[in-house]
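A look at the structure
So the chains spell out like this:
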Amino acid sequence: MKKENLIIALDGIAEKEALKIARILKGKVWGSKVGDLLYEDSSIIRKLKKFGHVFADVKLHDIPNTVANSVKRLSYAGADMITVHASGGVPMMKAAKQNAGRSKILAVTVLTSQNNKNTKRNVTKLAQDAIDAGLDGVVCSGRELKALKGVRGIKSMIKVVPGIRPVWYSKKDDQKRTITPHEAIRLGADYLVIGRPITKAKSPLKALNEL
């Protein structure tokens with residue numbers, strides 16, 4: 001695992017704490033993922049860019065024109081990667097890509113907090129829609145990476161995997177389809193998104209080194 005593989009999820013924490021963690025981990029990870037911090041103001045992107053790349057995990061899902069406008073705003077703010085919900089359909093995803101500027105657009109398939117017998121089938125179908133829309137990558141659980149290998153055109157897609165849980169992290173949370181960093185990389189993940197095992201640790205830097 002290299003620092004270029006790791007994205008730190010700054011969810012569920014205040015802006016001041018998020019910036020503190022980003023500063024501590026500067027140069028040791030790819031950058032940060034922000035979601036709920038964007039609800040108030042996209043300026044957090046510019047602030048975090050001082051410490052690395054920024055993944056705007058906004059999971060846009062609306063009519064194509066509205067999504068296009070949101071993507072423009074986030075791209076202008078400096079987001080390196082932006083997410084849309086693949087379930088929004090191919091026209092919506094195309095609109096996002098056409099207005100992305102330098103940002104990469106990733107399609108969220110099925111949230112890692114969900115799990116049912118149709119999950120793998122749904123993930124592969126949504127990934128194919130993202131490919132058909134010309135997006136740059138997909139977001140999925142590491143448990144679906146093997147199934148994705150059979151999807152036409154998937155090799156050229158960035159594969160971002162959230163729900164990363166190291167073996168030493170035993171706390172229960174809302175993530176259901178989790179995977180260890182080792183397994184995710186072995187199965188072909190390009191980026192690993194990890195939050196609470198790092199951000200909730202007494203020392204984020206020590207936790208990162210353990211990871």
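Residues numbered from 1 in each chain as written. Predicted model: local features only at pLDDT ≥ 70, side-chain atom pairs only at ≥ 80, totals over all residues. Heavy atoms only, no water.

Some words on the packing of aromatic side chains
Taken as a whole and judged by the stated rule, the model has one aromatic pair. An angle of 65° between the planes, with centres 5.6 Å apart, marks the rings of tryptophan 30 and tyrosine 191 as edge-to-face. Of this pair, tryptophan 30 sits in the loop between helix H1 (15-24) and strand S2 (31-34) while tyrosine 191 sits in strand S8 (residues 191-194), and the two are 161 residues apart along the sequence. Relative accessible area serves as the criterion here: at 18%, tyrosine 191 is assigned to the buried category. (Phe/Tyr/Trp six-rings, centres within 6.5 Å; stacked < 30°, edge-to-face > 60°. Helix = DSSP H or I, 4+ residues; strand = E, 2+ residues; numbered from the N terminus. Buried < 20%, exposed > 50% of the residue type's maximum accessible area, 1.4 Å probe, protein only.)

With respect to the pairing of strand S1 (residues 6-9)
Going residue by residue along S1, you find Leu6 and Ile8 tucked away on one face and Ile7 and Ala9 tucked away on the opposite face as well. The sheet contact formed by S1 and S8 spans three bridges and is parallel. Considered in S8, the bridge of leucine 6 is made with leucine 192. Bridge count for S1 against S2 is three bridges, and the pairing is parallel. By the bridge assignment, isoleucine 7 is partnered in S2 with glycine 31. Crossover S1 to S2 through H1 is right-handed. (Pairing = 2+ DSSP bridges. Right-handed = clockwise from strand over helix to strand, strands pointing away.)

Quick look at the packing of helix H3 (residues 64-77) against helix H4 (residues 90-98)
Working note: a packed helix pair is described by the angle between its axes plus the distance between those axes. Close contact between H3 and H4 brings their axes to 8 Å; oriented N to C, the two are set at 25°. Relative to H4, the element H3 is oriented roughly parallel. Crossing of H3 against H4: the hand is right-handed. In this structure, H3 contributes Pro64, Val67, Ala68 and Val71 to the contact, and H4 contributes Pro91, Met92, Ala95 and Ala96. (Axes fitted to C-alpha atoms, helices over the stretch in contact; angles between N-to-C directions. Parallel < 35°, antiparallel > 145°, perpendicular 65-115°, else oblique. Left-handed = near helix turned anticlockwise from the far one by under 90°. Contact = heavy atoms within 4.5 Å.)

A short note on the pattern of salt bridges
Applying the stated criterion to the full structure yields 10 salt bridges. Between aspartate 132 and arginine 152 there is a salt bridge; the shortest N-O distance is 3.5 Å. Linking aspartate 132 in helix H5 (residues 119-132) with arginine 152 in the loop between helix H6 (145-148) and strand S7 (158-161), this pair joins segments that are 20 residues apart in sequence. Here aspartate 132 falls in the partly exposed class, since its relative accessible area comes to 39%. For arginine 152, a relative accessible area of 54% corresponds to the exposed category. Between glutamate 183 and arginine 186 there is a salt bridge, with the nearest N and O atoms lying 2.8 Å from each other. (Salt bridge = Lys/Arg side-chain N within 4 Å of Asp/Glu carboxyl O.)

Quick word on the nonpolar core
If you look at the biggest cluster of nonpolar residues, it comprises 61 residues, and the most contacted ones within it are Ile45, Val84, Met93 and Leu135. In terms of residues, this core owes the most to one element, H5, which gives five residues. If we skip the residues at most four places from it in the chain, methionine 93 touches Val84, Ala86, Ala107, Asp129, Ala130, Ala133 and Leu135. In this structure, Ile7, Trp30, Met81 and Val193 belong to the second largest nonpolar core, which totals 12 residues. (Core = buried A, V, L, I, M, F, W, Y, C linked by side-chain atoms within 4.5 Å.)

A few points about the sheet that holds strand S6 (residues 137-139)
If you walk around this closed barrel you meet the eight strands as S1-S2-S3-S4-S5-S6-S7-S8, and the pairing is parallel. Averaged over all neighbouring strand pairs, the angle between strand axes comes to 25°, with direction disregarded. Pairing of S2 with strand S3 (residues 53-60), which is carried by four bridges, proceeds in the parallel orientation. Across the sheet, residue serine 32 finds its bridge partner in S3, namely valine 54. In this fold H4 packs onto S3, strand S4 (81-85) and strand S5 (104-108), with an angle of close to 165° to the strand it touches most, S4.

Here's the deal with unusual backbone geometry
Phi is positive for lysine 59, which is not a glycine, with a value near 50°. The class of lysine 59 is partly exposed, set by a relative accessible area of 29%.

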